[in-house]
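So the chains spell out like this:
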Amino acid sequence: MPNRRFADGEVVMGRWPGSVLYYEVQVTSYDDVSHLYTVKYKDGTELALKESDIRSQSSFKHRKSQSSSSSPSRRSTSRSRSRSPGRPAKGRRRSSSQSREHKDDKKKTIQETNLALLVLVFSFNQKPSENNTRRYNGEPDSTERNETSCIILEQKLKPDLEIERVLEQYSLHPRKEEKKKEERHSEKKFFETIKTIEKASSKTKELEFGGRIGTFMLIFFLPATVFYLLLMCKQDDPSLMNFPPPLPALESLWEARVFGVFLLWFFLQALFYLLPIGKVVEGLPLSNGRKLQYRINGFYAFILTAAAIGALLYFQFELHYLYDHFMQFAVSATAFSMALSIYLYIRSLKAPEEELAPGGNSGYFVYDFFTGHELNPRIGSFDLKYFCELRPGLIGWIVINLALLLAEMKIHNQSMPSLSMILVNSFQLLYVVDALWNEEAILTTMDITHDGFGFMLAFGDLVWVPFVYSLQAFYLVGHPTAISWPVAAAIIILNCIGYYIFRSANSQKNNFRRNPADPKLAYLKFIPTATGKGLLVTGWWGFVRHPNYLGDIIMALAWSLPCGFNHILPYFYVIYFICLLVHREARDEHHCKQKYGVAWERYCQRVPYRIFPYIY
């Protein structure tokens, strides 16, 4: 094992990664395996540095003392020689040469500082996966890229430096106007280079969902999956062996009146969103430092919607109209989401670079159209993505469930809904009300902070959520399933366990993010990170890395169990939910590793299981 050069607690000078600047740091620990020192800067930032990037303070002080001791003597000597009456001409020549050397040194220092700033900007504007993670872990890839960037930038600025040095050499008295003009030109070129680097580094490098081919196929595969599930539920025997289901006539899938009802529903929710009720909060800082404002009134919109539905039922409006035209509503919602996605992409072409989504700025039309090119598209103060995330689809899911409950009672001549239908409606109502009541928590999710608003979210919010999440209730209308009270009690307990894990885990995380110093959270332990945030290693987050996903999967299973075990179709939601959460978990792991670096590796060693304890 190699000997350590610096001890824990020792104050040394550490080089900031990607630059030539050294700052005073304190050594906190040393990893014998990776041979990296964990150091802490004065502002609290913790990084892992190689031994070659650390120097003792004495070496810096020694150099400073040498330069300071020698420079006064040179100045005194030059002054005494210039004032000597015996050699006035030689003194003047020496003085002019010293002045010229002083100008050269000053110009060289300025240019070297500009080069260092360019390297620093380039390194910090690279994609985190290509810079931060490897840089903090001491891997050679980052160093090689930084050296390459230095060479490129030096080659760009070298001709200008040579020209200026030649002018200084042969022009002893340059005019002030020409000098100022050259300085302005050099400064302008410097900042243009920075902007070019920033624009190139903001492009999306890593493509998800299979890249361009995968996203192109998903644009057609997702609507086809929805229609397939709904057609199968309509069959007397919804077995997977009965594939494909009989297809209806194309003209029967579209009705202008149904599309009009969908538009009325969408704009009614938009009206509720614009009402000046509820508090206004700020979201997380954007890349330019600006914070958007959001009105939190989703729960009020739900109450107003419930009042409107109650009024329709009071005036004997038959809500099972939704069930009779279910496929047509799904087609209308799909057509609307496609039109909305086209509008979003067209308007994103005029959006500034800093307003584009980090994950949807690849430069490929199909990929950016699917994932979303613009991060927060707004019409005035109306945030389109935030509105669609909770309002039309999520509240519409509950309205559809209610319509299916009434349709079951009418079709089977029941005075009250079946126990299975009551359980499904109750469980999913609790889930939606919880989301609306804790609406502010959605502002920290990846859907809001990272993903753009394109076809993926538009179709997911307006079609997938209301028509696929209500699959269990839709199945029970045509395939009633009787369950006993003991079985119902067991399913209720299972759902309560899942909900408790889901809500308590999210509450722990949200409360810790808002106020880590809260005395009520003193029992929680965490690992500090370079970003200033902490990674919880106790409570639910010390049990598995994503306990909220574990609660989601348990609840999804409880929603499907009332449908019995005759067919696998009602459990499609569970299978889909597991696949979705595993995909999201992989995305979270990737982004957290980029963001937190060494701290995330320590967290993964402390909490080895991702979603399922002792399994995965």
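Preceding block: the structure.
Here is a short report on the structure shown in this document. The structure displayed is predicted, hence computed values, not measured ones. (Residues numbered from 1 in each chain as written. Predicted model: local features only at pLDDT ≥ 70, side-chain atom pairs only at ≥ 80, totals over all residues. Heavy atoms only, no water.)

**Brief notes about the overall build of the chain**
Selection criterion: By the criteria applied, helices consist of DSSP H or I runs no shorter than four residues and strands consist of E runs no shorter than two, each listed in order from the N terminus. Relative accessibility decides the category of a residue: with a 1.4 Å probe and only protein chains considered, values under 20% of the type maximum give buried, values over 50% give exposed, and everything between is partly exposed. By definition, residues are in contact when any of their heavy atoms lie within 4.5 Å. For every accessible area listed, the method is Shrake-Rupley and the probe measures 1.4 Å; residues are considered covered only by the protein chains on display.
For the chain, the count of helices and strands is 20 helices and 11 strands. Relative to its full complement of 616 residues, the chain shows a buried share of 45%. Of all intrachain contacts in the chain linking residues separated by at least 6 positions in sequence, the fraction that spans at least 24 positions is 72%. With an accessible surface of roughly 33100 Å², the chain has 61% of that area assigned to carbon and sulfur atoms.

**Remarks on the pattern of salt bridges**
Two side chains carrying opposite charge are able to pair once their charged atoms lie near each other. Note the following rule: Every case where a carboxyl oxygen of Asp or Glu lies within 4 Å of a side-chain nitrogen of Lys or Arg is listed as a salt bridge.
Here the structure, examined in full by the defined rule, presents 8 salt bridges. With its nearest N and O atoms 3.2 Å apart, the salt bridge here joins Glu 374 to Arg 347. Of this pair, Glu 374 sits in the loop between helix 11 (365–371) and strand 8 (378–379) while Arg 347 sits in helix 10 (residues 326–348), and the two are 27 residues apart along the sequence. You can call Arg 347 partly exposed: its relative accessible area is 23%. The partner of Glu 439 in a salt bridge is Arg 391, and the shortest N-O contact between them spans 2.9 Å. In this pair, Glu 439 sits in the loop between helix 13 (419–437) and helix 14 (446–449) while Arg 391 sits in helix 12 (residues 384–411), placing the two residues 48 residues apart along the sequence. Since its relative accessible area comes to 1%, Glu 439 is described here as buried. On the accessibility criterion, Arg 391 (0% relative accessible area) is buried.

**A look at the nonpolar core**
As a reminder of what qualifies: Among buried residues, those of type Ala, Val, Leu, Ile, Met, Phe, Trp, Tyr and Cys that are joined through side-chain atoms within 4.5 Å constitute a nonpolar core.
Core analysis: the biggest nonpolar cluster contains 110 residues, and Phe 467 and Tyr 469 have the highest contact counts within it. Looking at this core, the element that brings in the most residues is helix 12, giving 16 residues. Other than its neighbours up to four places away in sequence, Phe 467 contacts Val 226, Leu 230, Phe 326, Phe 329, Ala 330, Ala 333, Ile 400 and Leu 462. Of all hydrophobic cores here, the second largest spans 16 residues; its members include Phe 512, Leu 524, Val 537 and Val 607.

**What to know about the packing of aromatic side chains**
So the rule is basically this: A pair of Phe, Tyr and Trp rings is counted when the ring centres sit within 6.5 Å of each other, with Trp represented by its six-membered ring. The angle between the planes then sorts it: under 30 degrees is stacked, over 60 is edge-to-face, the rest tilted. Put simply, a charge is over a ring when the Lys NZ or the Arg CZ is close to the ring centre, within 6 Å, and near the line of the ring normal, within 35 degrees.
Across all of its chains, the model carries 45 aromatic pairs by this definition. Ring geometry for Phe 512 against Phe 526: centres 5.4 Å apart, planes inclined by 55°, an arrangement best described as tilted. Separated by 14 residues along the polypeptide, Phe 512 in helix 17 (residues 485–514) and Phe 526 in strand 10 (residues 526–528) bring together distant segments of the chain. Classification of Phe 512 as buried rests on a relative accessible area of 7%. Of the residues examined, Phe 526 reaches a relative accessible area of 42% and is grouped as partly exposed. Of the aromatic side chains, those joined through ring pairs into one cluster are Phe 262, Phe 266, Phe 267, Tyr 273, Tyr 294, Phe 336, Phe 382, Tyr 386 and Phe 387. The aromatic ring of Tyr 364 is capped on one face by Arg 212, whose charged end is 4.1 Å from the ring centroid. The ring of Tyr 323 is capped by Lys 234, whose NZ or CZ atom sits 4.4 Å from the centre of that ring.

**Topic: the sheet that holds strand 2 (residues 22–31)**
Here is the rule we go by: A strand pair is defined by DSSP finding two or more bridges across the two strands.
Read from one edge of the open sheet, 5 strands run 4-3-2-1-5, paired in antiparallel fashion. The sheet is open, and its two edges are formed by strand 4 (46–49) and strand 5 (54–55), each paired on a single side. Here 6 bridges tie strand 2 to strand 3 (residues 36–41), and the two strands are oriented antiparallel to one another. Residue pairing across strands places Ser 29 opposite Thr 38, the latter belonging to strand 3.

**What about helix 12?**
An α-helical turn contains 3.6 residues, so any two residues separated by three or four positions project in the same direction. Filter applied, for reference: For a helix, the expected span equals 1.5 Å multiplied by the number of residues minus one. Across the chain, bend at a residue is computed as the angle between axes fitted to the seven residues ending at that point and the seven starting from it. For this analysis, a polar contact is any N or O atom pair within 3.5 Å, provided that within protein one partner can donate a hydrogen and the other can accept it, and provided that sequence-adjacent residues contribute only side-chain to side-chain pairs.
Its 28 residues give helix 12 an end-to-end C-alpha distance of 38 Å, which sits within 8% of 40 Å, the value for a rise of 1.5 Å per residue. Of all bends in helix 12, the biggest is about 25°, found at Trp 397. For helix 12, the capping residue at the N-terminal end is Asp 383, with a side-chain oxygen 3.3 Å from the backbone nitrogen of Lys 385. Following helix 12 by one or two positions, Asn 413 adopts a phi angle in the positive range, close to 50°.

**A look at the packing of helix 13 against helix 18 (residues 547–560)**
What counts here: Note on geometry: axes are lines fitted to C-alpha atoms, helical ones only across the stretch in contact, with angles between N-to-C directions running from 0 to 180 degrees. In this scheme, roughly parallel covers angles under 35 degrees and roughly antiparallel covers those over 145, while 65 to 115 is roughly perpendicular and the rest are oblique. Put simply, Ala, Val, Leu, Ile, Met, Phe, Trp, Tyr, Cys and Pro go in the nonpolar bin, Asp, Glu, Lys and Arg in the charged bin, and everything else, Gly too, in the polar bin.
The geometry of helix 13 relative to helix 18 is characterised by a closest axis approach of 9 Å and an angle of 155° between their N-to-C directions. Relative to helix 18, the element helix 13 is oriented roughly antiparallel. For the pair formed by helix 13 and helix 18, the contact residues are Val 424, Phe 427, Gln 428 and Tyr 431 on the first element and Asp 552, Met 555, Ala 558 and Trp 559 on the second. Looking at the contact of helix 13 with helix 18 residue by residue, the class counts come to 6 nonpolar, 1 polar and 1 charged.

**Some thoughts on helix 18**
Taking 1.5 Å of rise per residue, the 14 residues of helix 18 would be expected to cover 20 Å, and the 21 Å separating its terminal C-alpha atoms lies within 8% of that figure. With 13 of its 14 residues buried, helix 18 lies for the most part within the structure.

**Some remarks on a nonpolar patch on the surface**
We count it as follows: Each patch is built from residues lacking any salt bridge and having more than 30% relative accessible area; the joining distance is 9 Å for like charges and 5 Å for nonpolar side chains (Val, Leu, Ile, Met, Phe, Trp, Tyr).
Together, Ile 213, Phe 216, Met 217 and Phe 220 line one region of the surface with nonpolar side chains, adding up to about 480 Å² of accessible area. Within the secondary structure, Met 217 is located in helix 6 (residues 211–233).

**Some words on the pairing of strand 2**
Summarising the sheet, strand 1 (residues 11–15) and strand 2 pair through 5 bridges and their orientation is antiparallel. Bridged to Met 13 within strand 2 is Glu 24. Once strand 2 ends, the chain turns through 4 residues before running back antiparallel as strand 3, passing His 35 with a positive phi of about 60°.

**A look at the side chain of His 479**
Counting through the fold element by element, His 479 comes out in the loop between helix 16 (471–478) and helix 17. At 3.5 Å, the side chain of His 479 forms a polar contact with the backbone oxygen of Asp 236. Beyond its immediate sequence surroundings of up to four residues, His 479 is in contact with Cys 233, Gln 235, Asp 236 and Pro 238.

**Overview of unusual backbone geometry**
The phi dihedral of Phe 209 falls on the positive side, at around 55°, and the residue is not glycine. As for its position among the elements, Phe 209 is in the loop between helix 5 (176–201) and helix 6. The phi angle at Asn 413 is positive, at roughly 50°, despite the residue not being glycine. Here Asn 413 lies in the loop between helix 12 and helix 13. Overall, the relative accessible area of 69% leaves Asn 413 in the exposed class.

**Some thoughts on the side chain of Glu 389**
Tracing the chain through its elements places Glu 389 in helix 12. Contact partners of Glu 389, with chain neighbours within four places excluded, come to Ile 442, Asp 447, Leu 457 and Asp 461.

**Here's the deal with the environment of Val 582**
With respect to the secondary-structure elements, Val 582 resides in helix 19 (residues 572–596). Remark: the alpha-carbon pair of Val 582 and Arg 610, spanning 28 residues in sequence, is separated by 9.2 Å.

**Digging into the packing of helix 10 against helix 15 (residues 455–468)**
This is how it is decided: Less than a right angle of anticlockwise turn of the near helix away from the far helix marks a crossing as left-handed, whereas a clockwise turn marks it as right-handed.
Here helix 10 crosses helix 15 at 165°, and the two axes come no closer than 8 Å. Here helix 10 lies roughly antiparallel to helix 15, going by the angle between them. Classified by chirality, the crossing of helix 15 by helix 10 is right-handed. When helix 10 is examined against helix 15, the residues Phe 326, Phe 329, Ala 330, Ala 333, Thr 334, Phe 336, Ser 337, Met 338, Leu 340 and Ser 341 are found in contact with a partner set consisting of Phe 455, Ala 458, Phe 459, Leu 462, Val 463 and Phe 467. Class assignment of the residues belonging to the contact of helix 10 with helix 15 gives a composition of 13 nonpolar, 3 polar and no charged.

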